[in-house]
Amino acid sequence: MKLGWSTDPVAVALRDALVRRVREFPAVRSVWVAQVRWRASGEEHLMLHVAVDEDLPSASAHRLMQILLREEVKLGQGHPKVGMLALNTTTHAESIAELDRQGLDTVRHDPESGRVQVISREYDDPPTAPAKDATA
């Protein structure tokens, strides 16, 4: 599978919902929102990778997904499928570091301070300047 940054409205809605809800889950450290393309079939979906400080399978990651899809982001027939993969921050440290290098939308949560950080090209890449009107 190949992961990439997504501007799909569902991906953006998931990212925004994570910002609102991640504080409810102290074990969740980071969530990456990605478009995943399966190389064999070409099929595309959205995938949340959830880094947690708890044993897998992660009850926190599972519950977070339930809340996101039941209360925050309503999926319709035309929307992409959404999957989730929980990663333990210790056991899967190498995979987590690789996710950080991919330029995906990321929501980070520091439960000690309550701080939530959003990393996104949408915010980080400045928009291009509009073309000047040639008749002005």
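In short, a report on the structure. In this text the structure is predicted, and so the values were computed from the model without any measurement.

Calculation notes
Residues numbered from 1 in each chain as written. Predicted model: local features only at pLDDT ≥ 70, side-chain atom pairs only at ≥ 80, totals over all residues. Heavy atoms only, no water. Salt bridge = Lys/Arg side-chain N within 4 Å of Asp/Glu carboxyl O. Helix = DSSP H or I, 4+ residues; strand = E, 2+ residues; numbered from the N terminus. Buried < 20%, exposed > 50% of the residue type's maximum accessible area, 1.4 Å probe, protein only. Axes fitted to C-alpha atoms, helices over the stretch in contact; angles between N-to-C directions. Parallel < 35°, antiparallel > 145°, perpendicular 65-115°, else oblique. Left-handed = near helix turned anticlockwise from the far one by under 90°. Contact = heavy atoms within 4.5 Å. Nonpolar A, V, L, I, M, F, W, Y, C, P; charged D, E, K, R; others polar.

### Section: the pattern of salt bridges
Pairing between side chains becomes possible if they bear opposite charge and their charged atoms approach one another. One pass over the full model with this rule turns up 10 salt bridges. Asp-53 serves as the salt-bridge partner of Arg-29, at 2.5 Å between the closest nitrogen and oxygen. Here Asp-53 lies in the loop between β3 (44-52) and α2 (59-72) and Arg-29 lies in strand β2 (residues 28-37), a separation of 24 residues in the sequence. The partly exposed category is assigned to Asp-53, whose relative accessible area is 36%. The shortest N-O distance in the salt bridge between Asp-100 and Arg-108 comes to 2.6 Å. Among the residues examined, Asp-100 registers a relative accessible area of 36% and is labelled partly exposed. Looking at Arg-108, the relative accessible area reads 23%, which means it is partly exposed. Connected via shared salt-bridge partners are Arg-20, Arg-21, Glu-24, Glu-71 and Glu-72.

### Here's the deal with the packing of helix α1 (residues 9-21) against α2
At a minimum axis separation of 11 Å, α1 and α2 run at an interaxial angle of 115°. Judged by the inter-axis angle, α1 sits roughly perpendicular to α2. As for how α1 packs across α2, the hand of that crossing is right-handed. Here Leu-14, Ala-17, Leu-18, Arg-20 and Arg-21 of α1 lie close against α2, whose contacting residues are Leu-64, Ile-67, Leu-68, Leu-69, Glu-71 and Glu-72. Here the contact of α1 with α2 is built from residues that sort into 7 nonpolar, no polar and 4 charged.

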